Amino acid sequence: MRDKRGSQQETVVSITNNDQVTLSVDKFPFKTTLSLSTLISYWETKVDTDPNCNVARVIELATLLRQTPELLEPIEDVSIIDKHINTIDILMEDIFPSALWENDLKAVVVPFQFESFYATPKLEEMKLLGGGNYTEKLSIDPKTLLFRQTISAYTIILEKFYNANFEVDEPFIFTVKDKIRRLERHYKLSIDLKFMEVNVLGELKQLSDAEINFLINRYNDLDLWMEKLPPQNFEFTGFAIYDFTDVTTEETISSLRYDLLEKGSVNSPESFESLQQKLRVLFSLPDLQLGLITCPAINDFDTTYARKLWNGLVLNKSCSEKMDDITNSIYEPVMRLGHTVIVEDLNLFQHPTGVEQKLQQAKIRNLIVAPLNYNGHIIGMLELATPIPGELNALTTIRLKEILPLFALAMNRGLDELRSSIQNIIKEKYTAIHPIVEWRFTKAAINLLEKRERNVSSEIEPIVFKDIFPLYGVSDVRSSASERNKAIQGDLLDQLTLAKDVVLAAKDNLQLSILDELIFKIDKYSQSIMHELVTGDEGLIVDFLRSEIEPLFDHFLQRNPATTGPVAAYRQAINNPSGAVYKKRKAYEESLYLINETISSFLEREEAKAQEIFPHYFEKNKTDGLEYNIYIGSSLLNTGTFEPLYLKNMRLWQLMLSCEIARRIQNLRANLKLPLEITQLILVHSTPISIRFRLDEKKFDVDGANNIRYEILKKRIDKATLLGSEERLTQPGTIAIVYTLQREAEEYMRYIEFLQYEGYISKEVEHLELEEMQGVQGLKALRVSINFKEQLRHDIDAGDELLAIAKNATLN
């Protein structure tokens, strides 16, 4: 930024992100002249400075050049070179050693031009120079090429005349196709300027250090440079030596690295084709085919999630191959062991697997399959294949190792992007998903992503699991509503008593009839809730105390010091967030909380272990107690089979779990401020049901009219009574097992006998019939009493597992 007073002294420079070049000319602005006279200057300098210089040879060459005056003059017409080509050959022997003549890529050119007048045969054959299409070969636009040539010329001027070291180190990379394979090759140009001179035409313009720095800080404003250092004041004469080096490998790997860092590099068809073409260049194989297969885990191989990014030779999004089809194939050691597999000729396999036969049908004979490792985990495979045996071999893997980490990084990012898209849909459409069914929600999310990509209807598909066996259990606090009302009732009575004490103390010194009326009202409220607390009583009493009693306290304290103690007692009692007496309610809520937490933590701990019996869906809901649902069945699993044995094991586990919960709460009661009791109930339902995820409620529910009865049962059985009696089915110290079919009772009697043997329950078993309820008929129940006294054969807290006990029982 220029100082407002016109000074060019700068201490702070602000550079924008815009690299826009300011250059108003359309061709190289400096005069350039071809001359061989600089050879004599170079040789003479070398004689003076190099003690090892062959002086006789220098004299011979200088004499030869002086004998050809046309070559000492500026050469405007390059035909003069052809005219004296024999002399040129001798002069160029030191620049072009004969031993390297056939293989070097070297040329002599006019300064800052790309037309050579003398070049090695191989360079001329490849046509790197000449033809005029330089911007195409350099993959840059004409203005950028002109800028780079012009700024390079200025750097030479600054160095020679102003002693300013300002370099632009950005080499030219030429790209051409080889004639045989028609694959791109990349060549880096190195320029030797020792035979080029820059001369001043006229008087050299003086520039201060500040002015030079001012120009350097505006390197892209070449109009400003040409204003300060007009090009017509300088001339470049002599010639430049262009030396080309094959950098195809380095450039291709660099380009691959750049491409693979781009978003979508491994799942976009255009990007994939570009990657394949660059690998053909890297390995010099025009028929090379690339394949990429994602596999975050072996268990994910058969999932839609894993296949979303598949672009393999035969393993692609639409293929039908499963993990079983990969067994014993060339892919198995790659996936399971992380080995790289090299197949010289697939047609030599005597017993090819199905997937290998598909490769043969695709005319693939020679291939390499390598694992893609990310952070120590195999996340996929890379395939390289050709139709010609032996083109890919063990030596290929040396170069392959350089690029495998790049592909692994890109694939991991692709998987992260896919996971992110899936999770966004799951968060949008669903809530937290149980791990056992996450695969199905992931599949639905992927299907929705594919619909959106095709711009078709983007409705999420329904999530339904059929032929599911439900297990339902509830541990409920006995008479929780009644206990809560008792706590509220007790706190209100205590607060009314404290309020009456304050009014009575005030009445000793204030003979006001209104105080008698307040006492009457307090007594009336106390008598009212003494027998029964009805809806609205709590709010009515608290409002009375806050609006008619508490506002009088300050006045009472001023008129009668005797009220100090009662007022302090009242205020101390309501000094809590509720602003009311909360002692008994607090005892109730703390006791209820401890019971729920004890049940919940134990249930979660044991349920996690029960997943080992058979993976299942589990959900729980805290109320005045805790209820839970378990769903088990083959349709919940992405892979695996279901046997009735697993259902029996889960049912036995559930019954044992209920016994353990009851024993824990019994032991806890001694530490509760309010010794609440729990009741336990299990609902047996042997007929498979279907469950559907409700998008509106964000949870699973039974699906279909035939399954509604099960949901009705769950909602009503906790109020069930015995047939011909008002006795509730659920009682403290017992477990009620509700069923409808006789075979269900027989199955549970087996479990009961086993638990009697284990010491969990007493010998007596009640066989009960239940009163009909609305929409529910024909229910029966088994009721067993839990043994709280006897020492069990197993100690869960000492390390014995319910899981192991259940397994042994099933085996017996």
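Residues numbered from 1 in each chain as written. Predicted model: local features only at pLDDT ≥ 70, side-chain atom pairs only at ≥ 80, totals over all residues. Heavy atoms only, no water.

## What to know about unusual backbone geometry
Line of reasoning, step 1. One non-glycine residue with positive phi stands out, namely Lys-127, at about 60°.
Line of reasoning, step 2. Residue position: Lys-127 is located in the loop between α6 (121-126) and α7 (134-138). (Helix = DSSP H or I, 4+ residues; strand = E, 2+ residues; numbered from the N terminus.)

## Topic: the sheet that holds strand β10 (residues 341-343)
Line of reasoning, step 1. Read from one edge to the other, the open sheet built from four strands follows the order β9-β12-β11-β10, with strand pairing classed as antiparallel. In the strand order of this sheet, the two ends are held by β9 (289-294) and β10, each with one partner. Neighbour-to-neighbour, the strand axes of this sheet turn through a mean angle of 15°, independent of strand direction.
Line of reasoning, step 2. Relative to strand β11 (residues 366-374), β10 is paired through three bridges, and the arrangement is antiparallel. The residue of β11 that forms the bridge with Val-343 is Leu-367.
Line of reasoning, step 3. Of the strands in this sheet, β9 and β12 (377-386) touch helix α12 (residues 269-283), which is tilted by about 125° from β9. (Pairing = 2+ DSSP bridges. Axes fitted to C-alpha atoms, helices over the stretch in contact; angles between N-to-C directions. Contact = heavy atoms within 4.5 Å.)

## Concerning the environment of Thr-535
Line of reasoning, step 1. The topology assignment puts Thr-535 in the loop between α20 (513-531) and α21 (537-549).
Line of reasoning, step 2. Classification of Thr-535 as exposed rests on a relative accessible area of 84%.
Line of reasoning, step 3. Taking the C-alpha atoms as reference, Thr-535 lies 116 Å from Ile-88; in sequence the two are 447 residues apart. (Buried < 20%, exposed > 50% of the residue type's maximum accessible area, 1.4 Å probe, protein only.)

## A few points about the pattern of salt bridges
Line of reasoning, step 1. Within this structure, the stated rule accounts for 31 salt bridges.
Line of reasoning, step 2. For Arg-336, the salt bridge identified is with Glu-332, shortest N-O distance 3.2 Å. With Arg-336 and Glu-332 both in helix α15 (residues 332-337), this residue pair falls four residues apart, about one helical turn.
Line of reasoning, step 3. In this structure, Arg-783 engages Glu-727 in a salt bridge whose closest nitrogen and oxygen atoms are separated by 2.9 Å. (Salt bridge = Lys/Arg side-chain N within 4 Å of Asp/Glu carboxyl O.)

## Brief notes about the side chain of Gln-756
Line of reasoning, step 1. Topologically, Gln-756 is positioned in helix α27 (residues 742-758).
Line of reasoning, step 2. Here the side chain of Gln-756 touches Ser-762 through a polar contact of 3.1 Å, landing on its backbone oxygen.
Line of reasoning, step 3. Residues in contact with Gln-756, not counting those within four places in the same chain, are Ile-761, Ser-762, Lys-763 and Val-765. (Polar contact = N/O pair within 3.5 Å; in protein donor to acceptor, adjacent residues only side chain to side chain.)

## Concerning the confidence of the model for the chain
Line of reasoning, step 1. Taken as a whole, the chain shows an average pLDDT of 84; of its residues, 90% reach a score of 70 or greater.
Line of reasoning, step 2. The low-confidence segment residues 1-7 (pLDDT under 50) makes seven contacts with residues lying over four places distant or belonging to another chain. (pLDDT = per-residue confidence, 0-100.)

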